[in-house]
Amino acid sequence: MSAQDTFISHLVELRQRLVRAVLAVLVVFVALFVWPGSGPIYDWLALPLMRALPEGTKMIATGVVTPFLVPMKVTAMVALFIALPYVLYQAWAFVAPGLYENEKKLALPLIVGSTVLFFLGVAFCYYFVFVRVFTFIHQFSPKSITPAPDIEAYFSFVITMFLAFGITFEIPIIVIVLVRMGIVEVEKLRAARPYVIVGAFIVAAIVTPPDVISQIMLALPMCLLYEAGLFFARFVAARAKDAPEADAPMTDEQMESELDRADR
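*Asks:* I'd like to hear about helix H2 (residues 38-52), residue by residue, with values.
*Replies:* The end-to-end C-alpha separation of H2 is 22 Å, in line with the 21 Å expected for 15 residues at 1.5 Å each. The sharpest bend along H2 measures roughly 55° and falls at Ala46, with the proline Pro48 sitting one to four residues further on.

Here's what the structure looks like:
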């Protein structure tokens, strides 16, 4: 098979994987829209804020279509989270034939681990951080102010915080990958610990609301997760030294065979 035919077959394979991933998200989205519905899903997302506000307080919508559009966006976000394992599997099935055997053994645990850590970061943000941040803000707000948060602003805030904590919980994976690929040594990462601590508080101050509670709740996990990454990176570095040289690259025929087997 020529190089052009191989390239075209890769594009066809990529299209198929993308279509399957999008269809999976759409199926979950439709299922969530039918039950429990976009309204209850948004109410669940707004629950930490509503519990911190005075009794009887409601959120507001300043746009004409905002009461419909924002809950739909929230439903789409939840659908993506639910379908994320299948989406990542499609990405894995596409890139796996082009990896060495030792890379396959490392890549799959990293994909699973990064997915679990991202969900843990989102859960930590929703169940632990939101409750304390909203309570802190409400306690220090003037009594002469009647809070009426806008639902679109709240959705933007939630997305920012979810991404911040989800990515923060990926720090051990990033550290392990850097060490495993030989980009940086564990000793240098240990030496950079003071700079990482300062950088964690700077990043937390940028991406979180201007209150001390949320900044500390993001910066401290970043530092602790960095230490966890250093701990596990020691074993990855030791194993890499003892590992044999990388396998020879696969030929076009071998790659086509891997693609066919993954497609089945």
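*Asks:* Explain the packing of H2 against helix H3 (residues 66-95) residue by residue, including any values.
*Replies:* Any two packed helices are characterised by the angle at which their axes cross and by the distance between the axes. Between H2 and H3, the shortest axis-to-axis distance is 8 Å and the interhelical angle comes to 80°. Classed by the angle they form, the pair H2 and H3 counts as roughly perpendicular. Where H2 approaches H3, its residues Ser38, Ile41, Tyr42 and Leu45 are matched on the opposing element by Val70, Pro71, Met72, Val74, Thr75, Met77 and Val78. Of the residues in the contact of H2 with H3, the class split is 9 nonpolar, 2 polar and no charged.

*Asks:* Run through helix H5 (residues 151-168), naming residues and quoting values.
*Replies:* Since the α-helix advances by 3.6 residues per turn, residues separated by three or four positions end up pointing in the same direction. The end-to-end C-alpha separation of H5 is 25 Å, in line with the 26 Å expected for 18 residues at 1.5 Å each. The set of residues buried in H5 consists of Ile151, Tyr154, Phe155, Val158, Met161, Phe162, Ala164, Phe165, Gly166 and Thr168. Where H5 starts, the residue carrying a side-chain oxygen 3.2 Å from the main-chain nitrogen of Glu152 turns out to be Asp150.

*Asks:* Which residues make up the pattern of salt bridges, and what values go with them?
*Replies:* One pass over the full model with this rule turns up 2 salt bridges. Across the pair Arg193 and Glu227 runs a salt bridge whose closest N-O atoms are separated by 2.4 Å. Of the two residues, Arg193 is situated in helix H8 (residues 193-207) and Glu227 in helix H9 (residues 212-242); the sequence distance between them amounts to 34 residues. The class for Arg193 is partly exposed, based on a relative accessible area of 29%. The class for Glu227 is partly exposed, based on a relative accessible area of 31%.

*Asks:* I'd like to hear about the nonpolar core, residue by residue, with values.
*Replies:* Formed by 60 residues in total, the largest nonpolar core has its most connected members in Tyr42, Val74, Met77, Phe130, Tyr154 and Phe162. If we ignore the near neighbours within four places in the chain, the residues touching Tyr154 are Tyr42, Leu45, Ala46, Pro48, Leu49, Met59, Phe130 and Phe134.

*Asks:* How would you summarise the side chain of Ser214 if you had to cite specific residues and measurements?
*Replies:* Within the secondary structure layout, Ser214 lies in helix H9. Residues within four places of Ser214 in sequence aside, it is in contact with Val133, Thr208 and Pro209.

About the thresholds
Residues numbered from 1 in each chain as written. Predicted model: local features only at pLDDT ≥ 70, side-chain atom pairs only at ≥ 80, totals over all residues. Heavy atoms only, no water. Helix = DSSP H or I, 4+ residues; strand = E, 2+ residues; numbered from the N terminus. Expected span 1.5 Å × (residues − 1). Bend = angle between axes of the 7 residues up to and from the residue. Axes fitted to C-alpha atoms, helices over the stretch in contact; angles between N-to-C directions. Parallel < 35°, antiparallel > 145°, perpendicular 65-115°, else oblique. Contact = heavy atoms within 4.5 Å. Nonpolar A, V, L, I, M, F, W, Y, C, P; charged D, E, K, R; others polar. Buried < 20%, exposed > 50% of the residue type's maximum accessible area, 1.4 Å probe, protein only. Polar contact = N/O pair within 3.5 Å; in protein donor to acceptor, adjacent residues only side chain to side chain. Salt bridge = Lys/Arg side-chain N within 4 Å of Asp/Glu carboxyl O. Core = buried A, V, L, I, M, F, W, Y, C linked by side-chain atoms within 4.5 Å.

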